[in-house]
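Architecture and fold: a report
Each chain, written out:
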Amino acid sequence: MLKDITIGQHFPGNSPVHRLDSRIKILVTIAYVVFLFLSSNIAGLALNIIFVFSLYMLAKIPLKMLRKSLKPILPIIIFTVILNLFFITGTGTPLFHLWKINIYKEGVIFCIVMVIRIICLISGTSLLTYTTSPIELTDGMERLMKPLEFIKFPVHEMAMMMTIALRFIPTLIEETDKIISAQKSRGALLDSGSFKDRVKALVPILIPLFISAFRRADELATAMECRCYHGGKGRTRLKQLKITGSDILSTVICIVFFTAVFATRLVMPSLI
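Description of the structure in this document. None of these values were measured; they are calculated from a predicted model.

Regarding the packing of helix H2 (residues 22-38) against helix H3 (residues 42-59)
It is at 11 Å that the axes of H2 and H3 come closest, and there the two elements cross at 155°. Considering the angle they form, H2 stands roughly antiparallel to H3. Between H2 and H3 lies a crossing of left-handed hand. Within the contact between the two elements, H2 uses Val-28, Tyr-32, Phe-35 and Leu-36 and H3 uses Asn-48, Phe-51 and Val-52. Considering only residue class, the contact of H2 with H3 consists of six nonpolar, one polar and no charged.

Remarks on the nonpolar core
If you look at the biggest cluster of nonpolar residues, it comprises 28 residues, and the most contacted ones within it are Tyr-32, Tyr-56, Ile-61 and Phe-258. At the level of secondary structure, the elements contributing two or more residues to this core comprise H2, H3, helix H4 (63-70), helix H6 (105-131) and helix H11 (245-267). No other element matches the seven residues that H6 contributes to this core. Sequence-distant contacts of Tyr-56, defined by excluding residues within four places in its chain, comprise Ile-61, Leu-63, Leu-66, Ser-123, Ser-126, Leu-127 and Tyr-130. With seven residues, the next largest nonpolar core counts Ile-26, Met-145, Val-155 and Ala-159 among its residues.

What about a nonpolar patch on the surface?
Together, Leu-74, Ile-78, Phe-79, Ile-82, Leu-83, Phe-86, Phe-87, Leu-95, Phe-96, Leu-98, Trp-99 and Ile-101 make up a nonpolar patch on the protein surface, roughly 1,300 Å² of accessible area in all. For the nonpolar patch, the elements supplying multiple residues, two or more each, are helix H5 (74-87) and strand S1 (96-98). With seven residues, H5 is the single largest residue contributor to the nonpolar patch. As for its placement among the helices and strands, Leu-98 is situated in strand S1.

The rules behind each value
- Residues numbered from 1 in each chain as written.
- Predicted model: local features only at pLDDT ≥ 70, side-chain atom pairs only at ≥ 80, totals over all residues.
- Heavy atoms only, no water.
- Axes fitted to C-alpha atoms, helices over the stretch in contact; angles between N-to-C directions.
- Helix = DSSP H or I, 4+ residues; strand = E, 2+ residues; numbered from the N terminus.
- Parallel < 35°, antiparallel > 145°, perpendicular 65-115°, else oblique.
- Left-handed = near helix turned anticlockwise from the far one by under 90°.
- Contact = heavy atoms within 4.5 Å.
- Nonpolar A, V, L, I, M, F, W, Y, C, P; charged D, E, K, R; others polar.
- Core = buried A, V, L, I, M, F, W, Y, C linked by side-chain atoms within 4.5 Å.
- Buried < 20%, exposed > 50% of the residue type's maximum accessible area, 1.4 Å probe, protein only.
- Patch = residues over 30% accessible without salt bridge, like charges linked within 9 Å, V, L, I, M, F, W, Y side chains within 5 Å.
- Areas by Shrake-Rupley, 256 points an atom, 1.4 Å probe, with all protein chains shown as cover.
- Salt bridge = Lys/Arg side-chain N within 4 Å of Asp/Glu carboxyl O.

So this is what it looks like as structure tokens:
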């Protein structure tokens, strides 16, 4: 069900990961994504898997949440597997041959590496929203992008838009699930028929969804205006971001991890 999708949701807690400064978590997430795609051997990929699963254990986020976060990208994973498995050629004898279909060892290895990267990518980035509230996320992004104000870049507005977009993902998913249930109760056949029929069946879902999204956006704009919101200029914050000793220690540990990942790239042969 759509309601099982957890992208953009925040799960309050008091774990060491939850208590980290939002700026540190954003920077670590960006660095994690970069070094994840620099990992091209068994050791590097294993370190990334251990790192992200250790953070989930430390944050006390149930692994079923990880499964739910991977649910929406399952079609992408399947498409990646098919694309890499059947279209990457190798130099040796194919592992499987049928008519014009050849599966090589290189294709299998590349397929495994890409699937691991996608799973680790979604798991790592989802952990950021799981352990960081929308307000903290907005403040962290705004602080990190503050140097862009010198070139007249609307930093506060951009951070606010990104956070609102993340916050509205679970709301729109819940709204979509309600609309689908309502249409099914009226006799709509959404799960049967040909591909063309299923595409046509999306129309009575998309139209009310768009109307609901615009209505919620208008209500949000009205609510912000009623609370005298006019941008970030001159505004104060309830919680001030402050780097603590645990933030510094966590940063050092992450730097050691990223150094180890980069070292594996230098000393071990690449799989792809």
